[in-house]
Amino acid sequence: MATTPPSHLSNFTPITLLFLLLLSPLPILSFTNITTLLSSYPDLSDFTNLLLSTAIPLDLTRRTSLTILAVPNAFLRSSTAAPRPDIADILRYHVLLQYLSLSDLKKFSKSGKIITTLFQTTGRAPNNFGSINVTHDPVTDVTSFVSPESNATLLSVIKSVPYNISIFSVNNLLVPVRADLLASESGPRIDLNITKAITDGHNFNVAVAMLQASGVIDEFEADENGAGITLFIPTDESFADLPPSARFQSLPADKKAVVLKFHVLHSYYPLGSLESIVNPAQPTLATEDTGAGSFTLNISRVNGSVSINSGIVQASVTQTVFDQKPVAIFGVSRVLLPREIFGNNPIIFKPSIGGHYAIAQPPQTAVSPESSQASSSPPVLQREIKSEATRLDRFDIAGFCCTLLLYILSH
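The model shown is predicted, which means the values in this text are computed figures rather than measured ones.

Colleague: Quick question: what am I supposed to make of the overall build of the protein chain here?
Modeller: Counting secondary structure elements, the protein chain contains 17 helices and 14 strands. Here the protein chain holds 411 residues, and the buried ones make up 44% of them. In the protein chain, once contacts between residues fewer than 6 apart in sequence are set aside, the share between residues at least 24 apart is 67%. When the accessible surface of the protein chain is split by element, carbon and sulfur atoms take 57% of a total near 21300 Å².

Structure representation (structure tokens):
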């Protein structure tokens, strides 16, 4: 039997309705306040604080469908894995990359279903070892989350927002398989002298002197047998190229130490992993000292080489100085200056042979011919160009939509 559309829709054709639906904004849940949500549960305070000590909250802002397995304080404090240096990847293993309600969990069988975690996206989980097997026993009504090294049992539902996010409490900290992906505490130690390795690479004398003077080199060597470490070492030429406006040498000792830590990732990334990195915004050792979301490096592949963007400086990897798991050391073409210390304005270096200035573009932003023209113009003209381009873009889009809508209604 045919149905009659509601009266308020009778004047619109199916094409018109489709067009209007396409123009309507879709609701998207932001995960920027995920730690705020968790902080309302005092029994999860330890788990929340661990999340805040990593870059995971920043990772969650890019997701629209998640299930989080939170471990209450009593269970977390009894876990031997909590103080480990690879805790960030362990926590990523507790973020499932799809929304699962309690009823969804109860539909799983005793043999289980494999669910991908956030850890799988790091590139440090071989094969499918960044996944968890979720099982449900209909007889006992117990839901379990199983990894090859550990398992946990569902305790309760903390929060559910269909179909974006679920938060469940579990009775144990889950640990991913670390064979061939993270340095094990029981594995062989390489006890690398990082200072000697950099010195042997030549052309890094300024960096070596600064690392020794600051004392942070000892911290780097202490981390090398944990989750691993990746260092980006500026060449002597890159220090010489720093413009006076950067005022790097006038920084106090503690700020210089922060800048040096800004050149270090608290994970082992060989060159191939850097070239195919999934999440380009990477936290640094400076991030761990100052909080999630700050002092991050944007890493991507540009024109066949690894590009590192601090937001105001763009450098490239020029050589591999040392690469033996779990330590990777790379030479880079620029001193990486963080925005948090040097401001948001791009640093302009000396003209290259071609006469063009080296200016860092904003991370993950393509440079169009129009923006290149604007960047070489005076500041006032830049604003006029951007304002005019924005006005024309909006005018063209609005005009096109109105014309198309009138055409559909008239036919």
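Colleague: Any chance you could explain the sheet that holds strand S6 (residues 151-161) here in plain terms?
Modeller: Hydrogen bonding along the main chain pairs the strands of a sheet, whether they run parallel or antiparallel. Read from one edge of the open sheet, seven strands run S2-S1-S7-S6-S5-S4-S3, paired in mixed fashion. The open sheet is flanked by strand S2 (95-96) and strand S3 (113-116), the only strands paired with a single partner. Bridging between S3 and strand S4 (residues 131-137) involves four bridges; their strand directions are antiparallel. Within the sheet, the bridge partner assigned to Thr116 lies in S4 and is Ser131.

Colleague: Would you mind showing me how to read the pairing of strand S11 (residues 296-302) here?
Modeller: The side chains of a regular strand alternate, residue by residue, between the two faces of the sheet. Here strand S10 (residues 281-283) pairs with S11 via three bridges, running antiparallel. Across the sheet, the residue bridging to Ala281 is Asn298, located in S11. Sheet analysis places S11 next to strand S12 (residues 305-309), joined by five bridges and oriented antiparallel. What sits directly across from Asn298, in S12, is Asn309.

Colleague: Looking at this structure, I do not really get the confidence of the model for the protein chain. What am I missing?
Modeller: Caution is warranted with low-pLDDT regions, since their predicted coordinates should not be read in detail. For the protein chain, the average pLDDT comes to 74, and 68% of its residues sit at 70 or higher. Note on residues 14-32: pLDDT is under 50 here. Beyond four places in sequence and across chains, it has 25 contacts.

Colleague: Help me understand the packing of aromatic side chains, please; the structure alone is not making it clear to me.
Modeller: According to the stated counting rule, one finds six aromatic pairs in the structure shown. With a centroid separation of 6.2 Å and 25° between ring planes, the pair formed by Phe232 and Phe330 is classed as stacked. Taken together, the residues span a long stretch of sequence, with Phe232 in strand S8 (residues 229-234) and Phe330 in strand S14 (residues 327-332) at a distance of 98 residues. Accessibility expressed as a relative area gives 1% for Phe232, which makes it buried. Under the relative-accessibility criterion, Phe330 is labelled buried at 0%. With a centroid separation of 6.5 Å and an interplanar angle of 20°, the aromatic rings of Phe248 and Phe342 are classed as stacked. One end of the pair, Phe248, is in the loop between helix H11 (236-240) and helix H12 (253-261); the other, Phe342, is in helix H15 (residues 339-342), and 94 residues separate them in sequence. Three or more aromatic residues link up through ring pairs in this structure, and these residues are Phe239, Phe248 and Phe342.

Colleague: I keep staring at the sheet that holds S8 and nothing clicks. Help me out?
Modeller: The sheet built from seven strands is open, its strands ordered S9-S8-S14-S13-S12-S11-S10 with mixed pairing. The sheet is open, and its two edges are formed by strand S9 (264-265) and S10, each paired on a single side.

Colleague: So what exactly am I meant to see when it comes to the pattern of salt bridges here?
Modeller: When charged atoms on two side chains of opposite charge get close, those side chains can pair. Across all of its chains, the model carries five salt bridges by this definition. The salt bridge partner of Lys106 is Asp141, with a shortest N-O separation of 2.8 Å. Taken together, the residues Lys106 in helix H7 (residues 102-106) and Asp141 in the loop between S4 and strand S5 (142-146) connect sequence positions 35 residues apart. According to the relative accessible area criterion, Asp141 is partly exposed, its value standing at 46%.

Colleague: What's the story with helix H9 (residues 205-214) in this structure? I'm lost.
Modeller: Think of an α-helix as turning once every 3.6 residues; residues three or four places apart then point the same way. Every buried residue of H9 is listed here: Ala207, Val208, Met210 and Leu211. The buried residues of H9 occupy an angular sector of 165° when the element is viewed end-on, so they sit on one face. Turned more than 90 degrees from where H9 packs its buried face, Asn205 and Ala213 sit exposed. Note on H9: the residue one or two positions beyond its end, Gly215, has a positive phi of about 85°.

Colleague: Would you mind going over the nonpolar core with me for this structure?
Modeller: Nonpolar side chains tend to gather and get buried jointly when the protein is soluble and globular. Counting residues in hydrophobic clusters, the biggest one holds 39 residues, and the most contacted among them are Phe47, Leu60, Leu105, Phe145 and Ile167. Formed by 36 residues, the second largest nonpolar core is a distinct cluster that contains Leu192, Val208, Leu211 and Val259.

Colleague: What is the right way to look at the side chain of Thr296 in this model?
Modeller: Mapped onto the elements, Thr296 comes out in strand S11. Given the relative accessible area of 17%, Thr296 is considered buried. Not counting the four nearest positions on each side in its chain, Thr296 is found in contact with Leu58, Phe262, Gln282, Pro283 and Thr287.

About the thresholds
- Residues numbered from 1 in each chain as written.
- Predicted model: local features only at pLDDT ≥ 70, side-chain atom pairs only at ≥ 80, totals over all residues.
- Heavy atoms only, no water.
- Helix = DSSP H or I, 4+ residues; strand = E, 2+ residues; numbered from the N terminus.
- Buried < 20%, exposed > 50% of the residue type's maximum accessible area, 1.4 Å probe, protein only.
- Contact = heavy atoms within 4.5 Å.
- Areas by Shrake-Rupley, 256 points an atom, 1.4 Å probe, with all protein chains shown as cover.
- Pairing = 2+ DSSP bridges.
- pLDDT = per-residue confidence, 0-100.
- Phe/Tyr/Trp six-rings, centres within 6.5 Å; stacked < 30°, edge-to-face > 60°.
- Salt bridge = Lys/Arg side-chain N within 4 Å of Asp/Glu carboxyl O.
- Arc of directions from axis to C-beta.
- Core = buried A, V, L, I, M, F, W, Y, C linked by side-chain atoms within 4.5 Å.

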